[in-house]
Amino acid sequence: MASRLSRIWPTLSRVRLSSALGSRCVSQTPKSSASGAAVASDLQPVSPAAQDSHGHAEVSPFEKNPDFHGFHHHDSFVDEWNMRLAFFFGISVAIVVGGTFIHYLPDHGMRQWARREAERLIKKREAEGLPLMTENYYDPSTIVLPSSEE
Amino acid sequence: MLKVLIPTIMLFPTIWLTSPKWLWTTTTAHSLLIALISLTWLKWTSETGWTSLNTYMATDPLSTPLLVLTCWLLPLMILASQNHINPEPISRQRLYITLLASLQTFLIMAFGATEIIMFYIMFEATLIPTLIIITRWGNQTERLNAGTYFLFYTLAGSLPLLVALLLLQQSTGTLSMLVLQYSQPLQLNSWGHMIWWAGCLIAFLVKMPLYGVHLWLPKAHVEAPVAGSMVLAAVLLKLGGYGMMRMMIMLDPLSKELAYPFIILALWGIIMTGSICLRQTDLKSLIAYSSVSHMGLVAGGILIQTPWGFSGAIILMIAHGLVSSALFCLANTAYERTHSRTMILARGLQVIFPLTAVWWFIANLANLALPPLPNLMGELMIITTLFNWSPWTILLTGLGTLITAGYSLYMFLMSQRGPTPNHITGLQPFHTREHLLMALHLVPVLLLVTKPELMWGWCY
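Residues numbered from 1 in each chain as written. Chains lettered and ligands numbered in written order. Predicted model: local features only at pLDDT ≥ 70, side-chain atom pairs only at ≥ 80, totals over all residues. Heavy atoms only, no water.

- An unreviewed UniProt entry lists chain B under the name NADH-ubiquinone oxidoreductase chain 4, with Cirrhinus molitorella given as the organism.
- As stated in UniProt under Subcellular location (unreviewed entry), the record for chain B gives "Mitochondrion membrane".
- Per its UniProt entry, chain B bears the Function (unreviewed entry) comment "Core subunit of the mitochondrial membrane respiratory chain NADH dehydrogenase (Complex I) which catalyzes electron transfer from NADH through the respiratory chain, using ubiquinone as an electron acceptor. Essential for the catalytic activity and assembly of complex I." (UniProt positions renumbered as here; feature names shortened; annotations may be inferred.)

- The name an unreviewed UniProt entry assigns to chain A is NADH dehydrogenase [ubiquinone] 1 beta subcomplex subunit 11, mitochondrial, from the organism Cirrhinus molitorella.
- Here is the UniProt Subunit (unreviewed entry) comment for chain A, exactly as written: "Complex I is composed of 45 different subunits. Interacts with BCAP31."
- As recorded by UniProt, the Sequence similarities (unreviewed entry) comment attached to chain A reads in full: "Belongs to the complex I NDUFB11 subunit family."

### Things to note about helix α19 (residues 393–416) of chain B
Residues and elements named next belong to chain B.
(1) Moving on: For α19, with 24 residues, the first-to-last C-alpha span of 34 Å sits near the 34 Å given by 1.5 Å per residue.
(2) Moving on: Along α19, the positions that sit buried rather than exposed are Thr393, Thr397, Gly400, Ile403, Thr404, Tyr407, Ser408, Met411, Phe412, Ser415 and Gln416.
(3) Moving on: Just past α19, the residue glycine 418 takes up positive phi, approximately 90°. (Helix = DSSP H or I, 4+ residues; strand = E, 2+ residues; numbered from the N terminus. Expected span 1.5 Å × (residues − 1). Buried < 20%, exposed > 50% of the residue type's maximum accessible area, 1.4 Å probe, protein only.)

### Some details on helix α8 (residues 142–172) of chain B
Residues and elements named next belong to chain B.
(1) Moving on: Taking 1.5 Å as the rise per residue, α8 with 31 residues should run 45 Å; its terminal C-alpha atoms sit 45 Å apart, in good agreement.
(2) Moving on: The sharpest bend along α8 measures roughly 25° and falls at alanine 156, with the proline proline 160 sitting one to four residues further on.
(3) Moving on: Here the buried face of α8 lies against α6 (116–125), α7 (127–137), α9 (177–180), α10 (191–207), α11 (216–223) and α12 (226–248).
(4) Moving on: Looking at the residues trailing α8, positive phi occurs at glycine 173, about 85°. (Bend = angle between axes of the 7 residues up to and from the residue. Contact = heavy atoms within 4.5 Å.)

### Digging into the packing of α10 of chain B against α12 of chain B
Residues and elements named next belong to chain B.
(1) Moving on: Two elements in contact, α10 and α12, have axes separated by 7 Å at closest approach and are oriented at 155°. What the angle tells us is that α10 and α12 run roughly antiparallel. The hand of the α10/α12 crossing is left-handed. Packed against α10, whose contacting residues are Cys200, Leu201, Phe204, Leu205 and Lys207, the element α12 presents Leu236, Leu237, Leu239, Gly240, Gly243, Met244, Met247 and Met248 at the interface.
(2) Moving on: Of the residues in the contact of α10 with α12, the class split is 10 nonpolar, 2 polar and 1 charged. (Axes fitted to C-alpha atoms, helices over the stretch in contact; angles between N-to-C directions. Parallel < 35°, antiparallel > 145°, perpendicular 65-115°, else oblique. Left-handed = near helix turned anticlockwise from the far one by under 90°. Nonpolar A, V, L, I, M, F, W, Y, C, P; charged D, E, K, R; others polar.)

What follows is the structure, encoded as C-alpha cells:
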C-alpha cells in the first residue's frame, strides 16, 4: 500500500499550491536506526552524502554558528530572535505575569469566605446560646405536606 | 471562552500568512499569548457551577485545569517539533502546525462544551489530526499499524457512546450538562439499561486507557512524532477521564455494582503495566506504559465516585499530563541525537549532558510521585479513597506505587548513569530550545505545589 501511494503521490502533490517537487514525502530516519524495523526501501532514495534525518550533512550546527540555540539552522538572526521571543513570552509573560495573576486571584471557590463565615456564625450562636447546628434548616411548622391522598 | 477560541482560530491565518523565516517564532509567541489569556479561566469566585457561560460553552472547575493544560501545551509542542520539522518544505511545516492548532481548537471546544453531543463530536474530531500526525510524520513503518489501532480502538468504543447519547436525549429530552446535572435520577433497572451504562463509559475507558483495551496506546505514543506523543499523553488521554467524570453524574445508581470489574481491571492494570515498564528496552514504550499505569489509577479514582476520588483524579491528570509530556520531550532529545529509542544505546548521558540530567532527574522524580509534587497528592487521594471503598485495594495500589518508583528510577539510571559508551561522546550539545522546553514543562508542576486548589475540582 505504501508503494502504491508513493507512485500516486507525485501526481497528487503537483496539485498543491506551492510545489515541492522532487522532495521526499516521508521523513524517515536513515537505516542506521537501531530500533526501527526494516525501512521500506522504495520510499527512501539512497542519498549520496551522509545526511542525518534533519536533511543536513553530519556537521554540527555549532560549527557554523557557535551560538546556535536550536531554533533555526541556517539564519543566526532568526535563531537568536526566536530564542529571545520564546523566552520572553514563555517565561516573562506566561509564567511570571501569569503566575502573578494566578497568585492574586480572589478567594478560589470561596473557601476562605466559607471558613470566615463559619467562624462568624459559631461566634454568633455561642453568644446567643443557640446550638451550633440544628437538624432542621427550615422551621418544620412552615412546611405544609399533602395529606395521604397520594 | 471566545477570548481564547478566536485567537486560537486566528492561529490558522498566522500559520499560513507568516513569512517562512518567522513561522516558528510567530506561532510560538502567538500560542504563548493564548496560554496567558487562558489563565483567566482559573478565576472561580462562586462556590458552585459554571463560569464563562454561554448557551454552548462554559467552564467549571473540572474543565478549567484541563483547558489551561491544553492551551499551555500548544507552544510546547511547537517548540519541541521545531528541530525535526525544519528541514521539510515550508508548506508541510505549515500543515504540521495547522494540525497541532486544529487539535487545540477541537480540544478547547471539547472541554468547554456544555452539550454532551458537542463534546462527543469534538472528542471524535481530535482523532483526525492525531491520526494524520502519527501516520504521516511518524518515523518507522509501524506507524501505519499504530494509526489503525489508535483510530479503530477509539471508534469501536465511541460508536456505542453515540447510541447511548441518543437514547439519553430520547429519554430526558436534553443533552445539556447544565440541565442534566439537576435532573432526577434515571430509573435504571433492566439489562438494557446496563448495556446503556456500559455504552456511555466504554469510549472513555478505551481512551484513558483502561488496562485490557490499552493496546493502542504504546503503539500510538511510540510511533508518533514528539508533538503527537506530547498531545496524546498530556491531553487526549484526559479527554477520557473528563468524559467519564461528566457522564458519571447521571449514571447512578447502576455504577455501584457495574463499576466493580472496571475498578479491578484498572488496579490490576497498574501492576501489570508497571511490571511491563521494568522490562522495556524502548524508552518511549516505557513512558507510554507508565502513562497507562497512571491512568489506571485515575480510572479507579473516577469509578469510585467519591469527592476525594474525583479531586485526586483531576490532580493526577494535570500533573501526569505535564510530567509525561516532559518525559517524551526528553526521550525525543535522545532520539534526535542517536536516532534510536533503545535505552542501552543512549546511557551514561549525565556525564556529557549534566544540565539535562537535572531535567531527567526532576521529571523522573515527578513521575514516581515524590512529595510535595501534585503527582503524589493526586495518587494519595485516589489510594485513600480506594482504601475506604475496600481495604484490600491497598495491596494493589501499594505494590503499584512501589513498581512506579522502580521503573522511574530504572529509566533515570539507565539513561543517565552508568558508563558512557564511546559512540555517545560525539553527540550535539543540548540546545537552548530544549532547555526552555523542559523548564516550561516542569516549572508549572513546581508552581502548582503552591496553589493546588486550582486543580481540586468542584467536589472538595
